[in-house]
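Descriptive analysis of the structure
Given next are the chains, with one letter for each unit.
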Amino acid sequence: MQKDSKIYIAGHRGLVGSAILKNLQEKGYSNFVTRTHKELDLTDKNAVADFFEEHKPEYVFLAAAKVGGIVANNVYRADFIYENLMIQNNVIHQSYLNGVKKLLFLGSTCIYPKNCPQPMKEDYLLTDTLEYTNEPYAIAKIAGIKMCESYNIQYDTNFISVMPTNLYGPNDNFDLEKSHVLPALIRKMHLAKLLSESKSDEVIKDLGKNNIDEANEYLKGFGVDASSVEIWGSGKPMREFLWSEDMADACVYIMKNRDFEDTYDKNAKEIRNTHINIGTGKDISIKDLAILIKKIVGYSGNLVFNSDKPDGTMKKLTDVSKLNSLGWKHNVELEKGIEKMYNWYINRSH
Ligand SMILES: NC(=O)C1=CN([C@@H]2O[C@H](COP(=O)(O)OP(=O)(O)OC[C@H]3O[C@@H](n4cnc5c(N)ncnc54)[C@H](OP(=O)(O)O)[C@@H]3O)[C@@H](O)[C@H]2O)C=CC1
Ligand SMILES: C[C@H]1O[C@H](OP(=O)(O)OP(=O)(O)OC[C@H]2O[C@@H](n3cnc4c(=O)[nH]c(N)nc43)[C@H](O)[C@@H]2O)[C@@H](O)[C@@H](O)C1=O
(Lines give C-alpha, C1' and ligand atoms only; values in the text may rest on other atoms or scores of the structure.)
(Ligands and ions follow the chains in the order given, each with its own letter.)
Protein backbone atom coordinates (compact mmCIF):
# COMPACT_ATOMS: atom_id res chain seq x y z
CA MET A 1 0.00 0.00 0.00
CA GLN A 2 1.61 3.26 -1.17
CA LYS A 3 1.06 6.65 0.49
CA ASP A 4 -1.04 7.74 -2.52
CA SER A 5 -2.94 4.45 -2.97
CA LYS A 6 -6.69 4.91 -3.24
CA ILE A 7 -8.21 3.59 -0.02
CA TYR A 8 -11.92 3.04 0.65
CA ILE A 9 -12.88 2.85 4.34
CA ALA A 10 -16.44 1.55 4.54
CA GLY A 11 -17.90 2.79 7.85
CA HIS A 12 -15.37 5.63 8.32
CA ARG A 13 -17.49 7.40 11.00
CA GLY A 14 -17.92 4.34 13.21
CA LEU A 15 -15.86 3.22 16.21
CA VAL A 16 -13.34 1.23 14.16
CA GLY A 17 -13.61 2.99 10.80
CA SER A 18 -12.87 6.41 12.34
CA ALA A 19 -9.83 4.95 14.13
CA ILE A 20 -8.57 3.37 10.88
CA LEU A 21 -8.93 6.70 9.05
CA LYS A 22 -7.03 8.51 11.84
CA ASN A 23 -4.28 5.87 11.91
CA LEU A 24 -3.79 6.06 8.13
CA GLN A 25 -3.77 9.88 8.15
CA GLU A 26 -1.15 9.88 10.91
CA LYS A 27 0.98 7.53 8.79
CA GLY A 28 0.80 9.92 5.79
CA TYR A 29 -1.87 8.26 3.62
CA SER A 30 -4.09 10.81 1.94
CA ASN A 31 -6.07 9.34 -0.96
CA PHE A 32 -9.32 8.26 0.70
CA VAL A 33 -12.79 7.51 -0.62
CA THR A 34 -15.48 7.63 2.07
CA ARG A 35 -19.28 7.61 2.10
CA THR A 36 -21.71 7.89 4.98
CA HIS A 37 -24.57 5.41 5.25
CA LYS A 38 -26.91 8.14 4.02
CA GLU A 39 -24.74 8.82 0.95
CA LEU A 40 -24.28 5.14 0.04
CA ASP A 41 -26.42 2.35 1.45
CA LEU A 42 -24.15 -0.67 1.23
CA THR A 43 -27.14 -3.04 1.28
CA ASP A 44 -28.08 -1.62 -2.16
CA LYS A 45 -26.43 -3.85 -4.78
CA ASN A 46 -26.74 -1.43 -7.70
CA ALA A 47 -25.55 1.59 -5.74
CA VAL A 48 -22.48 -0.32 -4.51
CA ALA A 49 -21.73 -1.55 -8.06
CA ASP A 50 -21.93 2.03 -9.40
CA PHE A 51 -19.71 3.32 -6.59
CA PHE A 52 -16.93 0.76 -7.24
CA GLU A 53 -17.18 1.25 -11.01
CA GLU A 54 -16.78 5.02 -10.61
CA HIS A 55 -14.09 5.16 -7.88
CA LYS A 56 -12.06 1.97 -8.39
CA PRO A 57 -10.49 1.82 -4.91
CA GLU A 58 -7.22 -0.13 -4.65
CA TYR A 59 -7.55 -1.08 -0.96
CA VAL A 60 -10.75 -1.65 1.02
CA PHE A 61 -11.26 -1.70 4.79
CA LEU A 62 -14.73 -3.21 5.35
CA ALA A 63 -15.65 -1.69 8.76
CA ALA A 64 -19.30 -0.96 7.91
CA ALA A 65 -21.80 -3.27 9.56
CA LYS A 66 -24.94 -3.43 11.67
CA VAL A 67 -23.38 -3.51 15.15
CA GLY A 68 -24.74 -3.60 18.70
CA GLY A 69 -24.56 -5.13 22.14
CA ILE A 70 -26.11 -8.30 23.47
CA VAL A 71 -29.72 -7.03 23.67
CA ALA A 72 -29.66 -5.33 20.24
CA ASN A 73 -28.32 -8.54 18.66
CA ASN A 74 -30.99 -10.61 20.38
CA VAL A 75 -33.95 -8.28 19.58
CA TYR A 76 -33.11 -7.13 16.02
CA ARG A 77 -32.11 -10.61 14.83
CA ALA A 78 -33.48 -10.23 11.29
CA ASP A 79 -31.82 -6.84 10.75
CA PHE A 80 -28.47 -8.15 11.99
CA ILE A 81 -28.38 -11.11 9.61
CA TYR A 82 -29.92 -9.37 6.59
CA GLU A 83 -27.98 -6.09 6.67
CA ASN A 84 -24.64 -7.69 7.46
CA LEU A 85 -24.96 -10.33 4.73
CA MET A 86 -26.01 -7.71 2.20
CA ILE A 87 -23.25 -5.23 3.08
CA GLN A 88 -20.47 -7.79 2.96
CA ASN A 89 -21.80 -9.60 -0.13
CA ASN A 90 -21.96 -6.34 -2.06
CA VAL A 91 -18.60 -4.94 -0.93
CA ILE A 92 -16.62 -8.20 -1.23
CA HIS A 93 -18.12 -9.13 -4.62
CA GLN A 94 -17.62 -5.65 -6.09
CA SER A 95 -14.06 -5.62 -4.75
CA TYR A 96 -13.44 -8.80 -6.75
CA LEU A 97 -15.14 -7.48 -9.93
CA ASN A 98 -13.23 -4.20 -9.76
CA GLY A 99 -9.77 -5.64 -9.13
CA VAL A 100 -9.25 -4.38 -5.56
CA LYS A 101 -5.64 -5.25 -4.59
CA LYS A 102 -6.42 -6.10 -0.97
CA LEU A 103 -9.52 -6.08 1.24
CA LEU A 104 -9.76 -6.41 5.02
CA PHE A 105 -13.04 -7.83 6.32
CA LEU A 106 -13.94 -7.24 9.97
CA GLY A 107 -15.77 -10.08 11.70
CA SER A 108 -16.08 -10.75 15.42
CA THR A 109 -15.05 -13.40 17.95
CA CYS A 110 -18.74 -14.31 18.39
CA ILE A 111 -18.15 -16.62 15.38
CA TYR A 112 -16.80 -19.22 17.84
CA PRO A 113 -18.97 -21.82 19.60
CA LYS A 114 -20.78 -20.84 22.80
CA ASN A 115 -18.81 -23.38 24.85
CA CYS A 116 -15.56 -23.08 22.92
CA PRO A 117 -12.32 -24.36 24.51
CA GLN A 118 -10.35 -21.39 25.86
CA PRO A 119 -8.43 -19.51 24.64
CA MET A 120 -10.18 -19.68 21.27
CA LYS A 121 -7.94 -20.59 18.35
CA GLU A 122 -8.87 -19.83 14.73
CA ASP A 123 -9.21 -23.60 14.15
CA TYR A 124 -12.19 -23.84 16.55
CA LEU A 125 -14.51 -22.19 14.00
CA LEU A 126 -17.57 -24.33 13.15
CA THR A 127 -16.79 -27.02 15.71
CA ASP A 128 -20.00 -26.61 17.81
CA THR A 129 -23.24 -24.63 18.38
CA LEU A 130 -23.20 -20.82 18.56
CA GLU A 131 -24.39 -18.52 21.39
CA TYR A 132 -28.14 -17.87 20.82
CA THR A 133 -28.23 -14.10 21.53
CA ASN A 134 -25.99 -13.27 18.57
CA GLU A 135 -26.38 -16.31 16.32
CA PRO A 136 -27.76 -14.36 13.29
CA TYR A 137 -24.92 -11.80 13.47
CA ALA A 138 -22.32 -14.55 13.94
CA ILE A 139 -23.63 -16.51 10.95
CA ALA A 140 -23.32 -13.41 8.76
CA LYS A 141 -19.73 -12.95 9.98
CA ILE A 142 -18.89 -16.62 9.31
CA ALA A 143 -20.30 -16.18 5.79
CA GLY A 144 -17.96 -13.18 5.37
CA ILE A 145 -14.92 -15.27 6.34
CA LYS A 146 -15.93 -18.04 3.95
CA MET A 147 -16.60 -15.54 1.20
CA CYS A 148 -13.13 -14.00 1.49
CA GLU A 149 -11.50 -17.45 1.66
CA SER A 150 -13.49 -18.77 -1.29
CA TYR A 151 -12.82 -15.77 -3.54
CA ASN A 152 -9.11 -16.04 -2.74
CA ILE A 153 -9.04 -19.74 -3.58
CA GLN A 154 -11.17 -19.54 -6.74
CA TYR A 155 -10.28 -16.07 -8.07
CA ASP A 156 -6.84 -15.47 -6.58
CA THR A 157 -7.93 -12.32 -4.72
CA ASN A 158 -6.16 -11.07 -1.57
CA PHE A 159 -8.97 -10.66 0.95
CA ILE A 160 -8.11 -11.06 4.65
CA SER A 161 -10.56 -11.55 7.55
CA VAL A 162 -9.84 -10.32 11.06
CA MET A 163 -11.93 -11.30 14.12
CA PRO A 164 -11.75 -8.65 16.83
CA THR A 165 -12.75 -9.17 20.43
CA ASN A 166 -15.07 -6.58 22.13
CA LEU A 167 -13.84 -3.09 21.19
CA TYR A 168 -14.19 0.32 22.83
CA GLY A 169 -12.95 3.85 22.20
CA PRO A 170 -13.77 7.30 20.76
CA ASN A 171 -16.94 7.43 18.61
CA ASP A 172 -18.36 4.38 20.37
CA ASN A 173 -22.12 3.89 20.59
CA PHE A 174 -23.36 5.04 24.04
CA ASP A 175 -27.06 4.26 23.48
CA LEU A 176 -28.19 2.60 26.72
CA GLU A 177 -30.29 -0.05 24.97
CA LYS A 178 -28.19 -0.87 21.92
CA SER A 179 -24.58 -0.32 22.96
CA HIS A 180 -21.96 -2.75 24.23
CA VAL A 181 -21.25 -3.11 27.94
CA LEU A 182 -18.29 -0.78 28.32
CA PRO A 183 -19.79 2.44 26.89
CA ALA A 184 -23.13 1.59 28.58
CA LEU A 185 -21.56 1.27 32.03
CA ILE A 186 -19.47 4.44 31.62
CA ARG A 187 -22.54 6.45 30.68
CA LYS A 188 -24.83 4.92 33.33
CA MET A 189 -22.32 5.52 36.13
CA HIS A 190 -21.50 9.03 34.89
CA LEU A 191 -25.20 9.96 34.90
CA ALA A 192 -25.77 8.39 38.34
CA LYS A 193 -22.80 10.39 39.67
CA LEU A 194 -24.24 13.62 38.21
CA LEU A 195 -27.62 12.84 39.80
CA SER A 196 -25.97 12.22 43.19
CA GLU A 197 -24.27 15.63 42.87
CA SER A 198 -27.63 17.27 41.91
CA LYS A 199 -26.19 18.35 38.52
CA SER A 200 -29.59 18.18 36.81
CA ASP A 201 -28.65 20.48 33.90
CA GLU A 202 -25.81 18.20 32.87
CA VAL A 203 -28.06 15.12 33.06
CA ILE A 204 -30.73 16.82 30.92
CA LYS A 205 -28.10 17.90 28.36
CA ASP A 206 -26.49 14.45 28.19
CA LEU A 207 -29.83 12.75 27.53
CA GLY A 208 -31.33 15.50 25.35
CA LYS A 209 -34.48 15.61 27.54
CA ASN A 210 -36.68 18.64 28.34
CA ASN A 211 -36.48 18.50 32.12
CA ILE A 212 -35.16 16.42 35.03
CA ASP A 213 -38.43 14.52 35.52
CA GLU A 214 -38.26 13.26 31.93
CA ALA A 215 -34.59 12.39 32.39
CA ASN A 216 -35.26 10.51 35.65
CA GLU A 217 -38.15 8.60 34.09
CA TYR A 218 -35.94 7.58 31.16
CA LEU A 219 -33.08 6.51 33.44
CA LYS A 220 -35.46 4.51 35.64
CA GLY A 221 -36.05 2.27 32.61
CA PHE A 222 -32.33 1.43 32.66
CA GLY A 223 -32.08 0.97 36.43
CA VAL A 224 -30.17 4.21 37.02
CA ASP A 225 -30.77 6.67 39.86
CA ALA A 226 -28.64 8.73 42.25
CA SER A 227 -27.81 5.75 44.45
CA SER A 228 -27.71 2.71 42.14
CA VAL A 229 -26.81 1.49 38.67
CA GLU A 230 -28.14 -1.70 37.11
CA ILE A 231 -25.68 -4.17 35.59
CA TRP A 232 -27.22 -6.68 33.18
CA GLY A 233 -26.89 -10.39 33.94
CA SER A 234 -25.01 -12.06 36.76
CA GLY A 235 -21.72 -10.17 36.43
CA LYS A 236 -19.99 -13.54 35.99
CA PRO A 237 -19.35 -13.57 32.20
CA MET A 238 -15.75 -12.92 31.23
CA ARG A 239 -14.97 -10.47 28.43
CA GLU A 240 -11.84 -9.29 26.66
CA PHE A 241 -11.59 -5.63 25.57
CA LEU A 242 -9.38 -4.00 22.95
CA TRP A 243 -8.89 -0.24 22.52
CA SER A 244 -10.29 0.75 19.09
CA GLU A 245 -7.12 2.61 18.09
CA ASP A 246 -5.11 -0.58 18.75
CA MET A 247 -7.61 -2.45 16.60
CA ALA A 248 -7.12 0.12 13.82
CA ASP A 249 -3.36 -0.21 14.12
CA ALA A 250 -3.63 -4.00 13.76
CA CYS A 251 -5.82 -3.57 10.65
CA VAL A 252 -3.39 -1.13 9.03
CA TYR A 253 -0.41 -3.34 9.97
CA ILE A 254 -2.01 -6.38 8.33
CA MET A 255 -3.10 -4.43 5.25
CA LYS A 256 0.44 -3.08 4.78
CA ASN A 257 2.50 -6.12 5.68
CA ARG A 258 0.53 -9.33 5.27
CA ASP A 259 -1.18 -11.23 2.46
CA PHE A 260 -3.76 -14.02 2.36
CA GLU A 261 -0.97 -16.57 1.88
CA ASP A 262 0.49 -15.57 5.30
CA THR A 263 -2.73 -16.63 7.03
CA TYR A 264 -2.51 -20.42 6.66
CA ASP A 265 -0.11 -23.32 6.78
CA LYS A 266 1.22 -23.99 3.28
CA ASN A 267 1.50 -27.73 4.03
CA ALA A 268 -2.18 -28.11 4.96
CA LYS A 269 -4.26 -30.19 2.53
CA GLU A 270 -7.28 -27.88 2.83
CA ILE A 271 -7.23 -24.08 3.08
CA ARG A 272 -9.57 -23.11 5.93
CA ASN A 273 -9.66 -21.00 9.11
CA THR A 274 -7.57 -18.31 7.43
CA HIS A 275 -9.07 -15.54 9.58
CA ILE A 276 -6.94 -13.84 12.26
CA ASN A 277 -8.07 -13.20 15.87
CA ILE A 278 -7.40 -9.68 17.15
CA GLY A 279 -7.34 -9.13 20.89
CA THR A 280 -5.20 -8.76 23.97
CA GLY A 281 -5.41 -12.36 25.22
CA LYS A 282 -6.57 -11.08 28.66
CA ASP A 283 -10.09 -10.98 30.08
CA ILE A 284 -12.03 -9.66 33.08
CA SER A 285 -15.42 -10.50 34.65
CA ILE A 286 -18.28 -8.05 34.04
CA LYS A 287 -18.47 -7.52 37.81
CA ASP A 288 -14.79 -6.54 38.01
CA LEU A 289 -15.20 -4.38 34.91
CA ALA A 290 -18.08 -2.56 36.62
CA ILE A 291 -15.96 -2.03 39.76
CA LEU A 292 -13.08 -0.66 37.64
CA ILE A 293 -15.38 1.73 35.75
CA LYS A 294 -16.93 2.83 39.05
CA LYS A 295 -13.47 3.78 40.34
CA ILE A 296 -12.49 5.66 37.16
CA VAL A 297 -15.79 7.55 36.90
CA GLY A 298 -15.75 8.34 40.63
CA TYR A 299 -19.25 6.99 41.22
CA SER A 300 -19.90 5.89 44.81
CA GLY A 301 -23.38 4.25 44.70
CA ASN A 302 -24.46 0.61 44.48
CA LEU A 303 -24.19 -1.87 41.61
CA VAL A 304 -27.35 -3.98 41.19
CA PHE A 305 -27.19 -7.13 39.05
CA ASN A 306 -30.32 -7.85 36.98
CA SER A 307 -30.54 -11.56 36.17
CA ASP A 308 -33.55 -11.00 33.88
CA LYS A 309 -31.05 -9.70 31.30
CA PRO A 310 -28.93 -12.19 29.35
CA ASP A 311 -25.36 -13.14 30.27
CA GLY A 312 -24.56 -14.39 26.77
CA THR A 313 -21.38 -16.40 26.31
CA MET A 314 -19.71 -17.03 29.68
CA LYS A 315 -16.16 -16.78 28.34
CA LYS A 316 -14.69 -15.85 24.96
CA LEU A 317 -10.99 -15.23 25.29
CA THR A 318 -9.06 -15.06 22.04
CA ASP A 319 -5.89 -16.98 21.35
CA VAL A 320 -3.75 -14.25 19.77
CA SER A 321 -0.71 -16.37 18.95
CA LYS A 322 -1.37 -16.21 15.18
CA LEU A 323 -1.61 -12.40 15.32
CA ASN A 324 1.53 -12.16 17.46
CA SER A 325 3.40 -14.45 15.07
CA LEU A 326 2.38 -12.18 12.19
CA GLY A 327 4.17 -9.38 14.06
CA TRP A 328 1.53 -7.33 15.93
CA LYS A 329 0.70 -6.92 19.64
CA HIS A 330 -1.72 -4.60 21.47
CA ASN A 331 -0.51 -1.48 23.27
CA VAL A 332 -3.24 0.03 25.50
CA GLU A 333 -4.16 -1.88 28.69
CA LEU A 334 -7.76 -1.84 29.93
CA GLU A 335 -7.52 0.60 32.86
CA LYS A 336 -5.66 3.19 30.77
CA GLY A 337 -8.14 2.67 27.92
CA ILE A 338 -11.17 3.25 30.16
CA GLU A 339 -9.57 6.44 31.50
CA LYS A 340 -9.02 7.67 27.92
CA MET A 341 -12.56 6.69 26.95
CA TYR A 342 -14.17 8.44 29.95
CA ASN A 343 -12.10 11.53 29.22
CA TRP A 344 -13.28 11.44 25.59
CA TYR A 345 -16.89 11.00 26.71
CA ILE A 346 -16.98 13.95 29.09
CA ASN A 347 -15.20 16.25 26.62
CA ARG A 348 -17.14 15.25 23.49
CA SER A 349 -19.38 17.81 21.78
CA HIS A 350 -23.06 16.91 22.09
N1 LIG B 1 -17.71 -2.61 18.43
C2 LIG B 1 -17.28 -3.83 18.79
O3 LIG B 1 -17.13 -4.14 19.99
C4 LIG B 1 -16.97 -4.84 17.74
C5 LIG B 1 -17.08 -4.58 16.38
N6 LIG B 1 -16.76 -5.56 15.47
C7 LIG B 1 -16.87 -5.32 14.03
O8 LIG B 1 -16.07 -4.21 13.66
C9 LIG B 1 -16.68 -3.51 12.56
C10 LIG B 1 -16.86 -2.05 12.93
O11 LIG B 1 -17.73 -1.96 14.04
P12 LIG B 1 -17.96 -0.58 14.82
O13 LIG B 1 -16.99 0.42 14.35
O14 LIG B 1 -18.06 -0.92 16.25
O15 LIG B 1 -19.42 -0.19 14.33
P16 LIG B 1 -20.16 1.23 14.38
O17 LIG B 1 -21.61 0.93 14.63
O18 LIG B 1 -19.45 2.16 15.28
O19 LIG B 1 -20.00 1.77 12.89
C20 LIG B 1 -20.60 1.11 11.83
C21 LIG B 1 -20.40 1.91 10.58
O22 LIG B 1 -21.06 1.22 9.52
C23 LIG B 1 -21.79 2.14 8.74
N24 LIG B 1 -22.96 1.44 8.20
C25 LIG B 1 -23.83 0.63 8.87
N26 LIG B 1 -24.76 0.18 8.02
C27 LIG B 1 -24.49 0.70 6.79
C28 LIG B 1 -25.09 0.59 5.53
N29 LIG B 1 -26.18 -0.16 5.31
N30 LIG B 1 -24.54 1.30 4.49
C31 LIG B 1 -23.44 2.05 4.70
N32 LIG B 1 -22.81 2.18 5.87
C33 LIG B 1 -23.34 1.51 6.91
C34 LIG B 1 -22.17 3.28 9.66
O35 LIG B 1 -22.28 4.45 8.86
P36 LIG B 1 -22.76 5.91 9.39
O37 LIG B 1 -21.69 6.36 10.36
O38 LIG B 1 -22.83 6.77 8.21
O39 LIG B 1 -24.08 5.66 10.08
C40 LIG B 1 -20.97 3.32 10.62
O41 LIG B 1 -19.99 4.20 10.16
C42 LIG B 1 -17.98 -4.25 12.26
O43 LIG B 1 -17.78 -5.18 11.25
C44 LIG B 1 -18.27 -4.99 13.55
O45 LIG B 1 -19.04 -6.13 13.33
C46 LIG B 1 -16.34 -6.78 15.87
C47 LIG B 1 -16.21 -7.08 17.19
C48 LIG B 1 -16.50 -6.15 18.22
C1 LIG C 1 -18.72 -7.60 20.57
C2 LIG C 1 -19.80 -8.61 20.80
O3 LIG C 1 -20.89 -7.98 21.49
C4 LIG C 1 -22.04 -8.77 21.71
O5 LIG C 1 -21.78 -9.73 22.67
P6 LIG C 1 -21.42 -9.46 24.17
O7 LIG C 1 -19.97 -9.58 24.39
O8 LIG C 1 -22.25 -10.34 25.01
O9 LIG C 1 -21.82 -7.93 24.30
P10 LIG C 1 -22.14 -6.81 25.34
O11 LIG C 1 -21.00 -5.89 25.38
O12 LIG C 1 -23.46 -6.21 25.01
O13 LIG C 1 -22.33 -7.55 26.75
C14 LIG C 1 -21.27 -8.12 27.46
C15 LIG C 1 -21.73 -8.61 28.80
O16 LIG C 1 -21.97 -7.45 29.63
C17 LIG C 1 -23.22 -7.56 30.27
N18 LIG C 1 -23.73 -6.23 30.61
C19 LIG C 1 -23.89 -5.74 31.88
N20 LIG C 1 -24.45 -4.54 31.86
C21 LIG C 1 -24.61 -4.22 30.54
C22 LIG C 1 -25.16 -3.07 29.90
O23 LIG C 1 -25.58 -2.09 30.53
N24 LIG C 1 -25.14 -3.09 28.54
C25 LIG C 1 -24.65 -4.15 27.81
N26 LIG C 1 -24.66 -4.08 26.45
N27 LIG C 1 -24.16 -5.27 28.41
C28 LIG C 1 -24.15 -5.29 29.75
C29 LIG C 1 -24.06 -8.34 29.27
O30 LIG C 1 -25.20 -8.91 29.89
C31 LIG C 1 -23.04 -9.39 28.81
O32 LIG C 1 -22.95 -10.44 29.73
C33 LIG C 1 -22.46 -9.57 20.52
O34 LIG C 1 -23.86 -9.61 20.52
C35 LIG C 1 -21.75 -9.16 19.31
O36 LIG C 1 -22.09 -7.86 18.90
C37 LIG C 1 -20.29 -9.17 19.52
O38 LIG C 1 -19.54 -9.62 18.69
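These numbers were taken from a predicted model, which means no experiment stands behind them.

Let us look at the UniProt feature "active site" (unreviewed entry) in the protein. When the UniProt feature table is mapped onto this chain, "active site" (unreviewed entry) is found at Y137. Its place among the elements puts Y137 in helix 5 (residues 135-155). Residues in contact with Y137, not counting those within four places in the same chain, are K66, N73, F80, N84, S108 and C110.

Next up on the list: the packing of aromatic side chains. Summed over the entire model, instances satisfying the criterion amount to 13 aromatic pairs. Centroid distance Y8 to F51: 4.7 Å. Interplanar angle 55°. Geometry classified as tilted. Taken together, the residues span a long stretch of sequence, with Y8 in strand 1 (residues 7-10) and F51 in helix 2 (residues 45-55) at a distance of 43 residues. Each member of the pair, Y8 as well as F51, is classed as buried. Taken together, the ring pairs in this structure connect Y8, F51 and F52 into an aromatic cluster. Positioned over the ring face of Y218 is K209, at 4.3 Å from the centre of the ring. In this structure, R348 packs its charged tip against the face of Y345, placed 3.8 Å from the ring centre.

With that settled, consider the site of ligand 1. Taken together, 26 residues sit near ligand 1, with L15, V16, H37, Y137 and K141 positioned nearest. One of the backbone N or O atoms of G14 is found 3.2 Å from an oxygen atom in ligand 1. In this structure, K141 approaches ligand 1 through a side-chain N or O atom, which is 2.8 Å from an oxygen atom. Burial of ligand 1 by the protein chains amounts to 88% of its free accessible area of 900 Å². Listing elements by their share of the shell around ligand 1, those giving two or more residues are helix 1 (15-26), helix 5 and strand 6 (166-168). Considered class by class, the residues forming the shell around ligand 1 number 13 nonpolar, 10 polar and three charged.

What counts as what
Residues numbered from 1 in each chain as written. Chains lettered and ligands numbered in written order. Predicted model: local features only at pLDDT ≥ 70, side-chain atom pairs only at ≥ 80, totals over all residues. Heavy atoms only, no water. UniProt positions renumbered as here; feature names shortened; annotations may be inferred. Helix = DSSP H or I, 4+ residues; strand = E, 2+ residues; numbered from the N terminus. Contact = heavy atoms within 4.5 Å. Phe/Tyr/Trp six-rings, centres within 6.5 Å; stacked < 30°, edge-to-face > 60°. Buried < 20%, exposed > 50% of the residue type's maximum accessible area, 1.4 Å probe, protein only. Lys NZ or Arg CZ within 6 Å of the ring centre and 35° of its normal. Near = heavy atom within 4 Å. Polar contact = N/O pair within 3.5 Å; in protein donor to acceptor, adjacent residues only side chain to side chain. Areas by Shrake-Rupley, 256 points an atom, 1.4 Å probe, with all protein chains shown as cover. Nonpolar A, V, L, I, M, F, W, Y, C, P; charged D, E, K, R; others polar.

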